[in-house]
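Okay, here's what each chain looks like letter by letter:
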Amino acid sequence: MAQQILNPATRPEGAQTLLIDLDDTICENNIYFERAIAQFISFLNHREYSTDQVREVINQVERESIVTHGYGLHSFAHSLVGSFERLSVEPITPELHEKIWGFAHQIAEHPMEIIDGVPETLAYLAGRHHLLVMTKGSFTEQSAKIERSGLQEFFSAVEIVAEKNAPTYRSIISKYALLPETTWMIGNSPKSDINPALAAGIHAVFVPHCETWVLEHEEITSAPSNGQKLLRVERFSELRLHF
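All figures in this text were calculated on a predicted structure; none of them were measured in a lab. (Residues numbered from 1 in each chain as written. Predicted model: local features only at pLDDT ≥ 70, side-chain atom pairs only at ≥ 80, totals over all residues. Heavy atoms only, no water.)

K.L.:
So what's going on with the packing of aromatic side chains? Which residues, and what values?
P.N.:
What the rule picks out here adds up to four aromatic pairs. For the ring pair F33 and F76, a centre distance of 4.9 Å and an interplane angle of 75 degrees mean the geometry is edge-to-face. One end of the pair, F33, is in helix α1 (residues 30–44); the other, F76, is in helix α3 (residues 73–87), and 43 residues separate them in sequence. On the basis of relative accessible area, F33 is assigned to the buried category, the value being 14%. Of the residues examined, F76 reaches a relative accessible area of 2% and is grouped as buried. (Phe/Tyr/Trp six-rings, centres within 6.5 Å; stacked < 30°, edge-to-face > 60°. Helix = DSSP H or I, 4+ residues; strand = E, 2+ residues; numbered from the N terminus. Buried < 20%, exposed > 50% of the residue type's maximum accessible area, 1.4 Å probe, protein only.)

What follows is the structure in structure tokens.
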């Protein structure tokens, strides 16, 4: 996607750089995956395992699929098929494969759902600071989401990465010549948004979401004492109180 390199000379006095997560921070995402998983578990109708036990198998298969297929619908579909093969005494047939694959790919048919208060807040923030989308996953899927959201106008650049870890954050800081003391990562995932951003030396804002993907759960690291800041807001719109 088109990117605009940030020029410090063009920044308003006091402007900061805000890296903003996409999924479950500015638009709904995991609720659709949870619905697909619920459909799959009901379809499987396992006679021995409880729902929680089946879900634990799915979680493990998803961890394995990420290594091979990365993030996104394609990887998720592989996870459901792999979970069926691991859990069912019934061999998977082409018909069953198509049925299970459909649970995953129906997610793409959902209309974009922007989280309440996001457009107004982005409009406010964009007039005061430099905003960048920083999201992980399939380039095709994530870029399509950003375009469908209608929010692209508020961002100076878009970064779609394979993984959000400390080295990735450091590469973004270097690419755009960002100043760590005026750069923040804003997101709902402790594992991908908060902890690696702090490890990379920038500030972070945690915006919790009640449906954050279980594989993104992690204890939040306390901000180091070298001037870094860690904020928590209950909803995205509260960012206007801090920036």
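K.L.:
Outline the layout of surface pockets, supporting the account with residue identities and numerical values.
P.N.:
To find leftover empty space, a probe the size of one water molecule is rolled over the atoms. Quantified by volume, the largest pocket comes out at close to 670 Å³. Along the walls of the largest pocket sit 40 residues, with D23, N29, F33, Q142 and K145 positioned nearest its centre. Here the lining of the largest pocket gets five residues from one element, more than from any other, and that element is helix α6 (residues 139–149). Forming the walls of the second largest pocket are F43, L44, N45, H46, R47, E48, F84, L87, S88, V89, E90 and L96. Put simply, the parts of the chain that give the lining of the second largest pocket at least two residues each are α1 and α3. Considering only residue class, the lining of the second largest pocket consists of six nonpolar, three polar and three charged. (1 Å grid on protein atoms, 1.4 Å probe; cavity = no way out; pocket = protein on both sides within 12 Å on 5 of 7 lines; lining within 4 Å. Points joined across faces, edges and corners; volume = space filled by probe spheres on them. Nonpolar A, V, L, I, M, F, W, Y, C, P; charged D, E, K, R; others polar.)

K.L.:
I'd love a proper account of the side chain of Q16, names of residues and values included.
P.N.:
Note on placement: Q16 falls in the segment before β1 (17–20). Within polar-contact distance, the side chain of Q16 engages the side chain of W184 at 2.6 Å. Contacts of Q16, omitting those with residues within four sequence positions, involve H129, H130, T182, W184 and F243. (Polar contact = N/O pair within 3.5 Å; in protein donor to acceptor, adjacent residues only side chain to side chain. Contact = heavy atoms within 4.5 Å.)

Read these as layout, nothing more, since geometry by itself doesn't imply function.
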